[in-house]
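# Structural overview
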Amino acid sequence: MTVEKIYAAVLDYDDDEVVELVTAELAKGTEPQVMLDDGLVAALDTVGEQFSEGTLFVPEMLMAADAVKAGLDLLRPILAESGIKPIGTVVIGTVKGDLHDIGKNLVSMVLEGAGFRVVDLGTDVEPEKFVDAAQENDADIVALSALLTTSMAAMERAVGVVCKANENSNLNVRIMVGGPPVTDDFAEKIGADGYGVDAPTAVGLARGFIQ
Amino acid sequence: MAAMASRERVLAALNFQETDRIPIDFGSTIVTTIYYTAYDDLKRELGLDHETVMLAKLKRLAVPDSAILKRFDVDTRYLALGVYEGDQKELDDHSYIDEWGTTWKQAEDGHFLFVDGPFFGMKKPKHEDLSLCNWPDPDNPGYYRGLAERAKALRASGDKAIILNMPNGLVHQCQFLRGFGDWLKDLYKSKEFVTGLMENISKHWIRVAENALDACDGNVDILFFGDDLATQQAPLFNPEIYREMVKPVHARMIGAVKARADVKVLYHSCGSVEPMIEDLIDVGVDALNPVQISANNMEPEMLKEKYDGRMSFWGGINTQRVLPLGTPEEVRAEVQKMVELMGRGGGYVLNSVHNIQGDVPAANIVAMFDEARSYHPSWAN
């Protein structure tokens, strides 16, 4: 099974090998959805599990996400042509006043690898921008990141603005938050729907939200 | 136990001897000081009205005034190198390029972040690409201007432990030049490049450390530098990779320092760094900062038991929970707990976990330092 080879190439963090295998499989007529689900997404889930268990680390997560992205870049146009949509849309950004983006980028990459469409607003994002982007992109989820303890107030404000838009407009998004100073208790207190301690947990949360 | 002078107290603790009270650091390194807004609150609380002096490179951090150091009986003093002269460029009020070619941008709260550098965005860099960086000169006079005089004056002003702050570390400097994520991937995929990168940075670092220690001529007790090797959950990269790639470089850097002068080495890494503590002992680190006790696998009880008499701990009062969110009584209880536990047999210098953040109430800062200076540990009887 060559889909298994794609799975193995992601676990070897070998982007070139992934591109070669996916290209060859497409030529043979293998279903893109099968390559995506059983090759790329399955491999990223395996890496994510080992990351959460503490046997793999941030670089392995980044390298696996790179390999998955190399494959996705080939598969995405074909999936789109055949009318297959992403499993959901996530608007993500680091809250106002905070420029840190490493954790947020990692979560974005892993969400994309898991089949989500990700709209990344970058860092230092005004609360209203999350609402606007969610409306424009018909998003399912808004994901907020903060690194500084002093950014936690900005996170609370942003969650408040998105919640209010959920109540007062046609917006219907779930909100997840993450970052070093954030805890489950804090997430609950400010009205977020979930907290992801790491990137794989964030993917699990996002999958739960769209079911 | 007889009263000790500050320098003697700090060095005794770092030599794993018990002291009359716990030694205290405040403001002696760029990661054991205070966010300027919290400092302004602290001045008000103490009825002081001097002008706040900021750390030049990191404009959001304040240097505690001598009146405050005296008020809290702080045992350590901050000594820093000067600023590199030439090759920097102000882009606008909120961004600049440093002497290594890294672009820094300021966030709303004053925090500067690196956003571009000489090796950013390169796919699979090679050893020969190292020439793309305009390597700064370790003999640049700006680093050493006035350093000897400042060190001498500090020594003359009282019997304190003087901490020389190195302007950069190893891992961080790699990240500033290459980008955070790409550097991590290079450790696995571009080993030749990353080895050369660390070689160049460490050669520069060693030369600067040697020059600075020579200039200070015995008026330095501790040399400080830092990296970040861990996230709150786990080491940032596999400890095996640390051992293979980074540890030999750390060993060369610290070995050179200790061959040059009789100083202790204080090393900073946030996060869940426990799996590398044995390695840090190997390479000659005397004390580890900031002891982020809320991170995974960093429980102070376990650290003390496992590394007692081999690694000192410097920091440990939780900046993410008890300091911003607790009452002054809770802060005092936390200080007592840490002093009793970590100070027994020496090996502990008290400070917050990392810089005191802007959301810490002044009453809690006062409670932390007042309790540390006045608490009489049961082991000191």
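Residue numbering note: each chain is counted from 1, following its sequence as written. All chains are assigned letters beginning with A, and all ligands numbers beginning with 1, in the order in which they are written. pLDDT decides what is reported in this predicted model: residues at 70 or higher carry local features, side-chain atom pairs at 80 or more are listed and counted, and totals for whole chains, interfaces and linings draw on all residues regardless.

### Quick look at the overall build of chain A
Keep this limit in mind: Segments assigned H or I by DSSP are reported as helices when at least four residues long, segments assigned E as strands when at least two residues long, and all are numbered from the N terminus. For the radius of gyration, the atom set is restricted to C-alpha positions; the globular benchmark scales as 2.2 Å times the number of residues to the power 0.38. This entry defines residue contacts through backbone-placed C-beta atoms, with two residues in contact when those atoms are within 7 Å.
Within chain A, the secondary structure is distributed over nine helices and five strands. Starting at the N terminus, the α and β elements of chain A follow one another as α-α-α-α-β-α-β-α-β-α-β-α-β-α. Rg of the C-alpha trace for chain A: 17 Å, near the compact-globule value of 17 Å for 211 residues, within the 12% margin. Reported as C-alpha extents along the three principal axes, the dimensions of chain A are approximately 50 × 40 × 25 Å. For chain A, restricting intrachain contacts to residue pairs at least 6 apart in sequence, the fraction spanning at least 24 positions comes to 74%.

### Let's talk about the interface of chain A and chain B
Let me state the cut-off plainly: Each residue gets one label: Ala, Val, Leu, Ile, Met, Phe, Trp, Tyr, Cys and Pro are nonpolar, Asp, Glu, Lys and Arg are charged, and the others, such as Gly, are polar.
Contacts between the two partners involve 19 residues from chain A and, on the opposite side, 25 residues from chain B. Per-element accounting of the side of chain A that touches chain B gives the leading share, four residues, to helix α4 (residues 58-81) of chain A. Grouping the amino acids of the side of chain A that touches chain B by side-chain chemistry returns eleven nonpolar, five polar and three charged.

### Observations regarding helix α8 (residues 191-216) of chain B
Residue and element names in this part refer to chain B. Selection rule: Working rule for helices: expected span equals 1.5 Å times residues minus one. To sort residues by burial, count the other C-beta atoms lying within 10 Å of each one's C-beta; a count of 20 or more means buried, 12 or fewer means exposed, and anything in between means partly exposed. C-beta atoms are built from the backbone.
With 26 residues, α8 extends 37 Å from end C-alpha to end C-alpha; this agrees with the ideal 38 Å at 1.5 Å per step. Looking at α8, one finds that the buried residues are Phe193, Val194, Leu197, Met198, Ile201, Trp205, Val208, Ala209, Ala212, Leu213, Ala215 and Cys216. Looking one or two residues past α8, Asp217 carries a phi angle of roughly 50°, positive in sign.

### Re the sheet that holds strand β13 (residues 312-317) of chain B
Residue and element names in this part refer to chain B. Filter applied, for reference: Whether two strands pair comes down to DSSP finding at least two bridges between them. Throughout, an axis means a line fitted to C-alpha atoms (over the contacting stretch in the case of helices), and angles, computed between N-to-C directions, take values from 0 to 180 degrees.
Read from one edge to the other, the open sheet built from seven strands follows the order β4-β9-β10-β11-β12-β13-β14, with strand pairing classed as parallel. Bordering the open sheet on either side are β4 (76-80) and β14 (348-352), each of which pairs with just one other strand. Ignoring which end each strand starts from, the neighbouring axes of this sheet average 25° apart. Here β13 pairs with β14 via five bridges, running parallel. Within β14, the residue paired with Gly316 across the bridge is Asn351. Packing of helix α5 (residues 147-156) onto the sheet brings it into contact with β4 and β9 (161-165), and relative to β4 it is tilted by some 170°.

### Brief notes about the nonpolar core
Soluble, globular proteins show a tendency: their nonpolar side chains are buried together. Our working definition: Think of a nonpolar core as buried Ala, Val, Leu, Ile, Met, Phe, Trp, Tyr and Cys residues, each tied to the set through C-beta atoms within 7 Å. In this entry, domain limits derive from an automatic or database-based domain assignment.
Among the nonpolar cores identified, the biggest contains 181 residues, and A:Val10, A:Leu44, A:Met61, A:Ala64, A:Val110 and A:Val142 are the most heavily contacted of them. Broken down by element, the residue count for this core peaks at twelve residues, all from α8(B). In this structure, this core is formed jointly by two domains, domain 1 (2-81) and domain 2 (89-210) of chain A, each of which donates at least three residues. Beyond its immediate chain neighbours, meaning those up to four positions away, A:Val142 contacts A:Val91, A:Phe130, A:Ala134, A:Val162, A:Val173 and A:Ile175.

### Quick word on the pairing of strand β1 (residues 89-94) of chain A
Residues and elements named next belong to chain A. Quick note on the threshold: Clockwise travel from the first strand over the helix to the second, with the strands pointing away from the viewer, marks a crossover as right-handed.
Extensive coverage of β1 is indicated by the burial of six of its six residues. Neither face of β1 is exposed, since Thr89, Val91 and Gly93 on one face and Val90, Ile92 and Thr94 on the opposite face are all buried. Taken together, the four bridges between β1 and strand β2 (residues 117-120) define a ladder with parallel strand orientation. Among the inter-strand pairings, Ile92 is bridged to a residue of β2, identified as Asp120. As a crossover connection, the stretch from β1 through helix α5 (residues 102-113) into β2 is right-handed. As paired strands, β1 and strand β3 (residues 141-145) are joined by five bridges and run parallel to one another. Among the inter-strand pairings, Val91 is bridged to a residue of β3, identified as Val142.

### Structural notes on unusual backbone geometry
Cis rather than trans, the peptide bond between B:Asn289 and B:Pro290 has omega equal to 5°. If you trace the backbone, B:Pro290 turns up in the loop between β12 (287-289) and α11 (300-307). A positive phi angle, close to 55°, is found at A:Asp124, a residue other than glycine. Residue placement: A:Asp124 occurs in the loop between β2 and α6 (127-136). The class for A:Asp124 is buried, based on 20 C-beta atoms found within 10 Å. Within the chain, B:Lys124 stands out as a residue other than glycine whose phi angle is a positive 45°. Following the sequence through the fold, B:Lys124 ends up in the loop between β8 (112-116) and α4 (141-144).

### A few points about the sheet that holds strand β7 (residues 103-106) of chain B
Residue and element names in this part refer to chain B. Strand order in the open sheet formed by four strands is β5-β6-β7-β8, with antiparallel pairing between adjacent strands. Looking at which strands have only one partner, the edges of the open sheet turn out to be β5 (89-92) and β8. Neighbouring strand axes in the sheet, compared pairwise and without regard to direction, differ in orientation by 30° on average.

### Focus: the pairing of β4(B)
Residue and element names in this part refer to chain B. Burial within β4 is extensive, with five of its five residues counted as buried. Across the two faces of β4 the burial is the same, with Thr76, Tyr78 and Ala80 and Arg77 and Leu79 all buried. Alignment of β4 against β9, held across five bridges, turns out to be parallel. Considered in β9, the bridge of Arg77 is made with Ile162.

### Comments concerning the domain arrangement of chain A
Residues and elements named next belong to chain A. Domains assigned within chain A are domain 1 (2-81) and domain 2 (89-210). Each of domain 1 and domain 2 has a C-alpha centre, and these two points are 25 Å apart. Residue-level contacts link 15 residues of domain 1 with twelve residues of domain 2. Looking at the side of domain 1 that touches domain 2, the elements that each hand over two or more residues are α3 (32-53) and α4. Per element, the largest residue contribution to the side of domain 1 that touches domain 2 is eight residues, and it comes from α3. Classifying every residue of the side of domain 1 that touches domain 2 gives eleven nonpolar, two polar and two charged.

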